[in-house]
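Secondary and tertiary structure notes
So the chains spell out like this:
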Amino acid sequence: MLLSPISYQGSKKRETHIIEEYQPKRFNKVVDVFGGGGSVSLFYIQNYNNCQVHYNDISPDLTLLFEVLKDHDKTKKVVDHMHKLKSSKEDFIKRQKELKEAYEKNKPSLINFLYCTSYGYGGNMFSGTIITSNNKPRSISFDKFLKYPDVIKDLHITKLDALDVIEQYKNDEYAFLYLDPPYLQKGTSNSAYRNMSVDLLNTIFSIIKNKDYKCRIMLHIDFSGWVYAEMKDYIKYYYPAKYMMTCGKNKKNGNTGNGKSYHQRYSALICNY
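In short, a report on the structure. (Residues numbered from 1 in each chain as written. Predicted model: local features only at pLDDT ≥ 70, side-chain atom pairs only at ≥ 80, totals over all residues. Heavy atoms only, no water.)

**Comments concerning the packing of helix α4 (residues 72-84) against helix α6 (residues 110-119)**
- Running from N to C, α4 and α6 cross one another at 60°; their axes reach a closest spacing of 11 Å. The pairing of α4 with α6 is recorded here as oblique in orientation. Along this stretch, α4 crosses α6, giving a crossing that reads as right-handed. Contacts between α4 and α6 involve V78, H81 and M82 on the former and, on the latter, I111, L114 and Y115.
- Along the lines of polarity and charge, the residues of the contact of α4 with α6 split into five nonpolar, one polar and no charged. (Axes fitted to C-alpha atoms, helices over the stretch in contact; angles between N-to-C directions. Helix = DSSP H or I, 4+ residues; strand = E, 2+ residues; numbered from the N terminus. Parallel < 35°, antiparallel > 145°, perpendicular 65-115°, else oblique. Left-handed = near helix turned anticlockwise from the far one by under 90°. Contact = heavy atoms within 4.5 Å. Nonpolar A, V, L, I, M, F, W, Y, C, P; charged D, E, K, R; others polar.)

**Describing the pairing of strand β1 (residues 29-32)**
- Here β1 shows a buried face lined by K29 and V31 and a second buried face lined by V30 and D32.
- Where β1 meets strand β2 (residues 52-56), four bridges bridge the pair, whose relative direction is parallel. Counterpart to D32 in the pairing with β2 is Y55.
- Pairing between β1 and strand β6 (residues 175-179): four bridges, direction parallel. (Buried < 20%, exposed > 50% of the residue type's maximum accessible area, 1.4 Å probe, protein only. Pairing = 2+ DSSP bridges.)

**Points about helix α9 (residues 198-209)**
- Taking 1.5 Å of rise per residue, the twelve residues of α9 would be expected to cover 16 Å, and the 17 Å separating its terminal C-alpha atoms lies within 8% of that figure.
- Those residues of α9 not exposed but buried are L200, L201, I204, F205, I207 and I208. Across the axial projection of α9, the buried residues extend over an arc of 160°, all falling on one side. (Expected span 1.5 Å × (residues − 1). Arc of directions from axis to C-beta.)

**Here we look at the nonpolar core**
- Y44, F113, L114, L155 and M218 are the most contacted members of the largest nonpolar core, which totals 49 residues.
- When residues in this core are grouped by element, the largest group, six residues, is from α6.
- Ignoring sequence-local partners within four residues, the contact set of Y44 consists of I19, E20, Q23, F27, V30, V53 and F176.
- V31, F34, F205 and Y213 belong to the second-largest nonpolar core, a separate cluster that totals 24 residues. (Core = buried A, V, L, I, M, F, W, Y, C linked by side-chain atoms within 4.5 Å.)

**Quick notes on the packing of aromatic side chains**
- All chains considered together, the criterion is met by 16 aromatic pairs.
- An angle of 45° between the planes, with centres 5.4 Å apart, marks the rings of F205 and W226 as tilted. In this pair, F205 sits in helix α9 while W226 sits in helix α10 (residues 225-231), placing the two residues 21 residues apart along the sequence.
- W226 gets classed as partly exposed once you look at its relative accessible area, which sits at 30%.
- Here the aromatic rings of F223 and Y228 are separated by 6.5 Å at their centres, their planes lie at 70°, and the arrangement is edge-to-face.
- Among the residues examined, Y228 registers a relative accessible area of 45% and is labelled partly exposed.
- Taken together, the ring pairs connect F27, F43, Y44, Y48 and F176 into an aromatic cluster.
- Geometry around Y115 places R95 over its ring, the cationic atom sitting 5.2 Å from the centre. (Phe/Tyr/Trp six-rings, centres within 6.5 Å; stacked < 30°, edge-to-face > 60°. Lys NZ or Arg CZ within 6 Å of the ring centre and 35° of its normal.)

Rendered as structure tokens:
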């Protein structure tokens with residue numbers, strides 16, 4: 001099965017089995033409202049043949065990437081272009097700067113986006129660190145992109161505000177809306193993502209509680225005391241997830257001794273069904 005074409009922070013590729021276990025009993029559409037790297041959209045388009053899949057994200061690079069991957073010729077041109085690029089620390093810094101400038105204007109910069117997400121540490125295009133092996137930048141194969149056009153040719157793609165997408169399906173009881181909003185604590189240079197706030201989650205909470213919304217909604221977020229206090233009657237499931245945190249070389253607070261430790265956190269599924 002094809003997974004997300006890029007390494008992307010917050011990917012749910014290892015949690016699709018949990019999403020599937022708690023999905024609605026009946027639906028004929030899956031709407032990936034905050035599509036991100038596309039893991040959820042790709043899972044459903046490959047495993048549910050009779051289901052329409054709608055990928056949405058406000059990021060111009062992400063939506064452009066999936067539009068390109070629907071077309072054989074456009075995909076080949078991008079792959080050929082990426083193969084001609086040479087990775088280096090200097091080029092990474094240059095493209096990272098150009099990408100930030102494009103994000104400030106909310107404009108796509110697809111080649112720089114692919115370069116930085118592919119060579120950036122942990123898929124973080126703004127980490128400032130290029131992944132290396134034996135003091136040389138690692139080699140990335142973009143040939144896998146050539147497999148996507150046949151798989152996602154019927155994928156519906158939009159670049160809309162999340163609340164507009166929810167309103168679009170408000171009265172459709174067979175629409176399954178999956179919401180995985182960007183983590184509020186993450187910094188970003190994308191002006192669109194900077195608008196994400198507690199206010200957005202409060203709005204989504206109100207929508208989930210509103211019985212006028214017939215669509216099936218699943219909200220997938222970090223579990224906290226605030227979330228429990230606001231939505232305890234709508235929590236379908238919560239589970240522990242490990243997030244690796246760098247702690248230098250000291251061995252305090254559960255450090256493994258190699259400069260890394262694990263900070264226990266939880267994820268929650270909040271549903272209106």
